[in-house]
Structures are given as C-alpha cells and as structure tokens.
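Residues per chain, in single letters:
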Amino acid sequence: KNQVEQSPQSLIILEGKNCTLQCNYTVSPFSNLRWYKQDTGRGPVSLTIMTFSENTKSNGRYTATLDADTKQSSLHITASQLSDSASYICVVSPNTGNQFYFGTGTSLTVIP
Amino acid sequence: NAGVTQTPKFRILKIGQSMTLQCAQDMNHNYMYWYRQDPGMGLKLIYYSVGAGITDKGEVPNGYNVSRSTTEDFPLRLELAAPSQTSVYFCASSYSIGFNQPQHFGDGTRLSIL
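Just so it is clear, the model here is predicted, and its values are computed rather than measured.

Sorry if this is basic, but what is going on with the overall build of chain A here?
Looking only at helices and strands, chain A features zero helices and 11 strands. Its C-alpha radius of gyration of 13 Å places chain A within 12% of the 13 Å reference for a compact globule of 112 residues. By principal-axis analysis of the C-alpha atoms, chain A measures approximately 45 × 25 × 20 Å. A total of 112 residues make up chain A; the buried ones form 46% of that total. Within chain A, contacts between residues at least 6 apart in sequence are counted, and of these 56% link residues at least 24 apart. Of the roughly 5300 Å² that chain A leaves accessible, carbon and sulfur atoms contribute 47%. Counting 8 positive and 7 negative side-chain charges, chain A places the averaged centre of each group 5 Å from the other.

Help me out: how do you make sense of the pairing of strand S5 (residues 45-51) of chain A in this one?
Within a regular strand, side chains alternate between the sheet's two faces. Residue and element names in this part refer to chain A. Among the seven residues that make up S5, five are buried, leaving the element largely enclosed by the rest of the structure. The pairing of strand S4 (residues 30-38) with S5 spans six bridges and is antiparallel. Across the sheet, the residue bridging to lysine 37 is valine 45, located in S5. Hairpin connection, S4 to S5: the antiparallel pair is bridged by six residues, and glycine 41 has positive phi, about 80°.

Help me understand the sheet that holds strand S7 (residues 64-66) of chain B, please; the structure alone is not making it clear to me.
To summarise the sheet geometry, strands pair through backbone hydrogen bonds and adopt either a parallel or an antiparallel arrangement. Residues and elements named next belong to chain B. The strand order S1-S3-S8-S7 describes an open sheet built from four strands, whose pairing is antiparallel. Only two strands of the sheet have a single partner each, and these edge strands are strand S1 (4-7) and S7. Across the sheet, the axes of successive neighbouring strands diverge by a mean angle of 20°, strand direction being ignored. Taken together, the four bridges between S1 and strand S3 (residues 19-25) define a ladder with antiparallel strand orientation.

Is there a simple way to think about the pattern of salt bridges in this case?
Side chains that differ in charge, positive against negative, can pair when their charged atoms come close. In this structure the tally under the stated criterion is seven salt bridges over all chains. Put simply, A:Asp39 and A:Lys37 hold a salt bridge, and the shortest N to O gap is 3.9 Å. Classification of A:Asp39 by relative accessible area gives partly exposed; the value is 33%. Where A:Arg42 meets B:Asp107, a salt bridge forms, and the shortest distance between an N and an O atom there is 2.9 Å. Pair noted here: A:Arg42 is in the loop between S4 and S5 and B:Asp107 is in the loop between strand S10 (104-105) and strand S11 (109-113), and the two residues belong to different chains. In this structure A:Arg42 comes out as partly exposed when scored by relative accessible area, which is 44%. Of the residues examined, B:Asp107 reaches a relative accessible area of 27% and is grouped as partly exposed.

Whenever I open this one, the interface of chain A and chain B confuses me. Can you help?
Frequently, the measure chosen for interface size is the accessible area that the parts lose on association. On the chain B side, the residues contacting the 20 residues of chain A number 23 residues. Interface area for chain A against chain B, summed over the two sides, is near 1700 Å², with a carbon-plus-sulfur share of 56%. For the pair chain A and chain B, the interface holds one salt bridge. Taken together, chain A and chain B are joined by six residue pairs in polar contact (both at pLDDT 80 or more). Contributions of two or more residues to the side of chain A that touches chain B are made by S4 and S5 of chain A. Considering every element that reaches the side of chain A that touches chain B, the biggest residue donor is S4(A), with five residues. The residue inventory of the side of chain A that touches chain B, partitioned by class, reads six nonpolar, 12 polar and two charged.

Scoring rules and cut-offs
Residues numbered from 1 in each chain as written. Chains lettered and ligands numbered in written order. Predicted model: local features only at pLDDT ≥ 70, side-chain atom pairs only at ≥ 80, totals over all residues. Heavy atoms only, no water. Helix = DSSP H or I, 4+ residues; strand = E, 2+ residues; numbered from the N terminus. Rg over C-alpha atoms; globule rule 2.2 N^0.38 Å. Buried < 20%, exposed > 50% of the residue type's maximum accessible area, 1.4 Å probe, protein only. Contact = heavy atoms within 4.5 Å. Areas by Shrake-Rupley, 256 points an atom, 1.4 Å probe, with all protein chains shown as cover. Lys, Arg positive; Asp, Glu negative; His and termini not counted. Charge placed at Lys NZ, Arg CZ, Asp CG, Glu CD. Pairing = 2+ DSSP bridges. Axes fitted to C-alpha atoms, helices over the stretch in contact; angles between N-to-C directions. Salt bridge = Lys/Arg side-chain N within 4 Å of Asp/Glu carboxyl O. Buried area = accessible area lost by both parts, 1.4 Å probe. Polar contact = N/O pair within 3.5 Å; in protein donor to acceptor, adjacent residues only side chain to side chain. Nonpolar A, V, L, I, M, F, W, Y, C, P; charged D, E, K, R; others polar.

None of the figures reported here should be taken as evidence of function without further support.
As structure tokens, then:
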C-alpha cells in the first residue's frame, strides 16, 4: 500500500534553533518527492521538489535530503524564524498515473 | 499575480442542499485538481483535470461532480450535501504532472454541513 508517514507530528523550537523533519514513504515506483509549507488558513506552498537522482536540494534556509534506497527524506530548517511556524507536508508521486500521496504533516511552532 | 483563486472562503450548508465551489487560475496551467483536507489527515484527491473537457476521478469522488469547460476554471459541485463532506477544500493547478512541476494551491474553501 502506498503511504507517506511524517514525524514528529508536532514540534516546538526556540527561535534561531535548527530542526529536522522526517518523511518515510512506501510509494513505488517512485517519481518525485515534494515538501510543502502550509501556513494556518492558507493553501500549501511548494518548498522543494526532488527526483530520484537528487540527494539534496536547498531553498534558502530549507534543505531537503532524499535517500531513495531507504525511502526516506528529511527537511532541515536552519536558524528558525517565527514565520517558519506552519505545517510542513511531504508529498510523494509514483511515476504511474496521476496521483499524489500526502503525508499528514508536521506542525512546527517557533517560539521567541 | 492572482494564481489560484477559490470562492467562497467560507460556507455553511444544510444537509441536502447543493452548492458549487469555484476555482480559477490565471497561469494557463493544463492540470487542475480538487482536494479535501480533514483534520489530522493528509489531503485527498477528489477529481482532477488534464485540460479543458477532460476530467477524471481521484481517490474520494463520491458525492462530487466537476466540469472543465475552459482552461481557467474548474468548479466542484456538491449535490445533496452530507455532514461527511464537512472539510476544507483546496483547488490546485500545475503546468503538467511532470516530475519537476509544483502544484499551486488556492487558500481553500471551509465548508460546514449542518
């Protein structure tokens, strides 16, 4: 069964600290993995998209890694800011059919 | 840039009523999608379209209908609203389903069925 699991479910960190969010998937055959940021009351916004051949991709203070062999991805946030408080969603697509498998997200709260 | 625009933002319906959720995009994207997001759950695909005149079912299509008469618009129709359809509905679009194409989401319609 194609699934995407994220951990932790929620996380609270101090402003300025780093954090890492995890995504494990069973989707096969794999096409790409996306990380989205969803602010409260808003739609998801794309942070990174990674294909099978990519190990690391950065977008400012956000760095995503992908290990296609172990089917794991992580999103590392450096020097967190209050505006990083949001839900972070991992989405995996197979290379067959028009489908996206969404994780339930990690809720990140950055406190001063 | 307007991007993806959804209307209305909020709506309360009575059981058995019907309504249409509107979605419009101004990016000339071929692909459009409707998702629902329930508390504590990942987004679920309701319907999608790969171009004007072409629609297909997603994972949870029951109780919904769609049409795609133009590239820009992709309305979602609820017939005979049921409490189980209480959710946040997101419309999204992308240039293609290609492996490096992001989906652009609207800000959602929050729908309650009472």
